[in-house]
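Spelled out from the first residue to the last, the chains are:
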Amino acid sequence: MKNYYSILLLLLFVACRKQYDVALPDQRWDLFESANAVALKDTVRNKLQGVFAIGAGATDFGSLAALKWSYNVNGTDTTYYLSVFCETDVSYFIMQGKRLDSSILLNGYWRKMTGTSTGKARLTISAANGGRKLLTGAVFNSGDIVIDGVYGNGDEVPTAPIRFQYARPLYNARSLEIVVHRGGGQTADLLPASENSAQIIQWASRFGATGVEIDVRLTRDGVPILYHDDNLSERLIVKNGLIGPVEDYTYDQLNTMVRLIRNNERIPTLREALQTVVYSTPLKYVWLDTKFHGNMQLMRDIQQEYMQRAAALGKPLEITIGIPDETVFNNLTALPNYQNIPSVCELDVDFTQRANSGIWGPRWTLGIQTDKINLMHSQGRRAFVWTLDVPENIKQYMYTNLYDGILTDYPSIVAFYHYVRP
């Protein structure tokens, strides 16, 4: 009965438009900012990943957590983030790390996606609790690394104790593409940036995503941009007097007059979004959800250009054009050499075969469809299911070991279930 009510609450959370906001707490910590605290080396970060048992704090966050690093690049500066994916209430921590003598400090915040709960988190791995082993590269075993600290609510000084103890490495026996919806999740989910913005793409890997789905439309003058809804509305933009379809406006009009709902962001072009993916993130997959009916050659050209840019950097990146309906199918297959265009087809398997799509992307409500997935696998294709947000559904689909990717608004819970697998 408890699971039933948890699922019901999550469904209500997903379905309802939010009339409130979540402000990230002030994360300043004097000890973390002290002159003697220095950046961690790559070797230390790589070792500080894995499945950890939660002792103190388990009531709020569950019994296990998966710790994994990601990064963002800004020019010549790279910032590394340690994400802690937990089970209870779709919760996660996002931390930064430094070395202080023979100890490791982790500083950041926690968030529960089933509501507005958030707060500061300050953690330490002392020399005796594994800090020295991590910093010197010594071999360690289960139980050797203990992370102790405190967490709090909002901007309050954190006082509630929490403990993570290393149990085992992250699961890696089978790969899974964790694809986050609308570049990083829906704006309604109280994220730190707007959906389909260049800014939210920079957060995606911190949330647990290995790839992003973004919505592509064309302006009146033919510029591919990112925007989900058919019309300009206060759900996504600051009120400005403009109404009606996005396609009624030129790019210059949208760029000059429209701001997204958070952070004074502009509607990005497809090029700006892919520029962010390639040069600023570790993301390795992009699903271009085609929201327009028209000639697709320009989108194909941009897809090819940014896959080539990634290849020149030695960065693995797959960009697929989405085929959500038969009109888009017809427009894509009208392009020269369409059989070699990387695509993901949401239609049935026969359309997937006719387009020679590398990925079949069925809706989750159609069921697991074992026979069709096996057929796709026998032809060297993959299967990505969309859009899975309820934890019990995510577990059900993931643990069939059939799907190769999951599209979700909550990549942190997908990451948790994936990485903690024994």
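Each value, and the rule that gives it
Residues numbered from 1 in each chain as written. Predicted model: local features only at pLDDT ≥ 70, side-chain atom pairs only at ≥ 80, totals over all residues. Heavy atoms only, no water. Helix = DSSP H or I, 4+ residues; strand = E, 2+ residues; numbered from the N terminus. Rg over C-alpha atoms; globule rule 2.2 N^0.38 Å. Buried < 20%, exposed > 50% of the residue type's maximum accessible area, 1.4 Å probe, protein only. Contact = heavy atoms within 4.5 Å.

## Focus: the overall build of the protein
Here's step 1: Secondary structure summary: the protein contains 13 helices and 20 strands in total.
Here's step 2: Against the compact-globule benchmark of 22 Å for 422 residues, the protein has a radius of gyration of 22 Å, which places it among compact chains.
Here's step 3: On the principal axes, the C-alpha backbone points of the protein span a range of 65 × 50 × 50 Å.
Here's step 4: Counting across all 422 residues of the protein, residues that qualify as buried make up 54%.
Here's step 5: Counting only contacts in the protein whose residues sit at least 6 apart along the sequence, the fraction spanning at least 24 positions is 59%.

## Looking at unusual backbone geometry
Here's step 1: The peptide bond linking Trp386 to Thr387 adopts the cis configuration, its omega dihedral lying at -25°.
Here's step 2: Within the secondary structure layout, Thr387 lies in the loop between strand 19 (382–385) and helix 12 (391–398).
Here's step 3: At Val90, a residue that is not glycine, the phi angle is positive and equals roughly 50°.
Here's step 4: Topologically, Val90 is positioned in the loop between strand 4 (77–86) and strand 5 (91–100).
Here's step 5: A positive phi angle is found at Gln369, which is not glycine, with a value near 60°.

## As for the side chain of Asp229
Here's step 1: Position of Asp229 relative to the elements: it lies in the loop between strand 12 (224–226) and strand 13 (231–232).
Here's step 2: On the basis of relative accessibility, which here comes to 17%, the residue Asp229 falls in the buried class.
Here's step 3: Among residues more than four places away in sequence, those in contact with Asp229 are Arg217, Arg235, Leu236 and Val246.

None of this, on its own, says anything about what the molecule does.
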